[in-house]
Amino acid sequence: MSQSTFTWNLEAYESRGNLWLRWSTNSPFRAQQGQIHVYKGGFPSDPTKDTASWSWDNENNANWDSGQKWGTGWNCAYIAEASPNGPYRYFIQLTTTSAMGPNVLKADVVTA
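Residues numbered from 1 in each chain as written. Predicted model: local features only at pLDDT ≥ 70, side-chain atom pairs only at ≥ 80, totals over all residues. Heavy atoms only, no water.

Enquirer: Quick question: what am I supposed to make of the pairing of strand β6 (residues 75-81) here?
Expert: Consecutive side chains along a regular strand alternate between the two faces of the sheet. The buried fraction of β6 amounts to seven of the seven residues, a majority that puts the element mostly inside the structure. Where burial is concerned, the two faces of β6 agree: the one with Asn-75, Ala-77, Ile-79 and Glu-81 and the one with Cys-76, Tyr-78 and Ala-80 are both buried. Here strand β3 (residues 35-39) pairs with β6 via five bridges, running antiparallel. Along β6, the bridge assignment pairs Ile-36 with Tyr-78. Two elements, β6 and strand β7 (residues 88-95), share seven bridges in a ladder whose sense is antiparallel. Along β7, the bridge assignment pairs Cys-76 with Leu-94. The hairpin turn running from β6 into β7, its antiparallel successor, is six residues long, and Asn-85 in that turn takes a positive phi close to 50°. (Buried < 20%, exposed > 50% of the residue type's maximum accessible area, 1.4 Å probe, protein only. Helix = DSSP H or I, 4+ residues; strand = E, 2+ residues; numbered from the N terminus. Pairing = 2+ DSSP bridges.)

Right, dumping it as C-alpha cells:
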C-alpha cells in the first residue's frame, strides 16, 4: 500500500492596513468544507462561532483581505469538517504578532 503526505499552510500579513490571510496546500484535494476564520477574541470551543470574518478555502484565490484592520493579537484559523460530515475542527491556528507586520494593536472589530 502506498502512502502520501500532504501539508496545508496558513499565513497572516498586513497589506493596505488590513489583515490578509493566504493559504496553500500540496494536496490534490481540499479540506472537507474548509474555511478560513478570523475570531473576535480567543479561539472558541466551536470553531464556527465568535467569527469577525471568514471565507471558504476555495474562494479568493487563496489570498484574502479579511476586512479587519491589521494588528497584533488576531486569532485566525483554517478549519474543516471531521470526516464524514462531522463537526468543524481546527487544523491550523495562528495569532498575529509584530513579526508578521507593524507592531500595532488591532482596531475595533468590523463584522463582514
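Enquirer: Looking at this structure, I do not really get the nonpolar core. What am I missing?
Expert: Note that soluble globular proteins tend to have their nonpolar side chains buried in a common cluster. Core analysis: the largest hydrophobic core is formed by 17 residues, its most contacted members being Leu-10, Leu-21 and Val-38. Among residues more than four places away in sequence, those in contact with Leu-10 are Leu-21, Arg-22, Trp-23, Ile-36, Cys-76, Ala-77, Tyr-78, Ile-92 and Leu-94. (Core = buried A, V, L, I, M, F, W, Y, C linked by side-chain atoms within 4.5 Å. Contact = heavy atoms within 4.5 Å.)

Enquirer: Would you mind showing me how to read the environment of Trp-74 here?
Expert: Counting through the fold element by element, Trp-74 comes out in the loop between β5 (63-69) and β6. Classification of Trp-74 by relative accessible area gives buried; the value is 0%. Note: C-alpha distance between Trp-74 and Ala-99 (25 residues apart in sequence) is 13 Å. From its side chain, Trp-74 meets the backbone oxygen of Lys-69 in a polar contact 2.8 Å long. (Polar contact = N/O pair within 3.5 Å; in protein donor to acceptor, adjacent residues only side chain to side chain.)

Enquirer: Explain the side chain of Ser-66 here, please?
Expert: With respect to the helices and strands, Ser-66 occurs in strand β5. The exposure class assigned to Ser-66 is buried, which follows from its relative accessible area of 2%. Side-chain polar atoms of Ser-66 contact the backbone oxygen of Leu-19, separated by 2.8 Å. Side-chain polar atoms of Ser-66 contact the backbone nitrogen of Gln-68, separated by 3.2 Å. Residue contacts for Ser-66: discarding those within four places in its chain leaves Leu-19, Val-38 and Ser-53.

Enquirer: Please explain the sheet that holds strand β2 (residues 18-25) as it appears in this structure.
Expert: Through backbone hydrogen bonds, the strands of a sheet pair up, either in parallel or in antiparallel fashion. As summarised here, the arrangement of the three strands in space is β1-β2-β5, forming an open sheet in which the pairing is antiparallel. Since the sheet does not close on itself, it has two edges, and those belong to β1 (8-15) and β5, each with one partner. Taken over all neighbouring pairs, the strand axes of this sheet differ in orientation by 25° on average, direction set aside. Relative to β2, β1 is paired through eight bridges, and the arrangement is antiparallel. For Ser-15, the partnering residue across the bridge sits in β2 and is Asn-18. (Axes fitted to C-alpha atoms, helices over the stretch in contact; angles between N-to-C directions.)

Enquirer: Just to check I follow, could you spell out the environment of Arg-89 for this structure?
Expert: Checked against the element boundaries, Arg-89 lands in strand β7. Owing to a relative accessible area of 48%, Arg-89 belongs among the partly exposed residues under this scheme. Residues within four places of Arg-89 in sequence aside, it is in contact with Pro-47, Tyr-78, Ile-79, Ala-80 and Ala-82.

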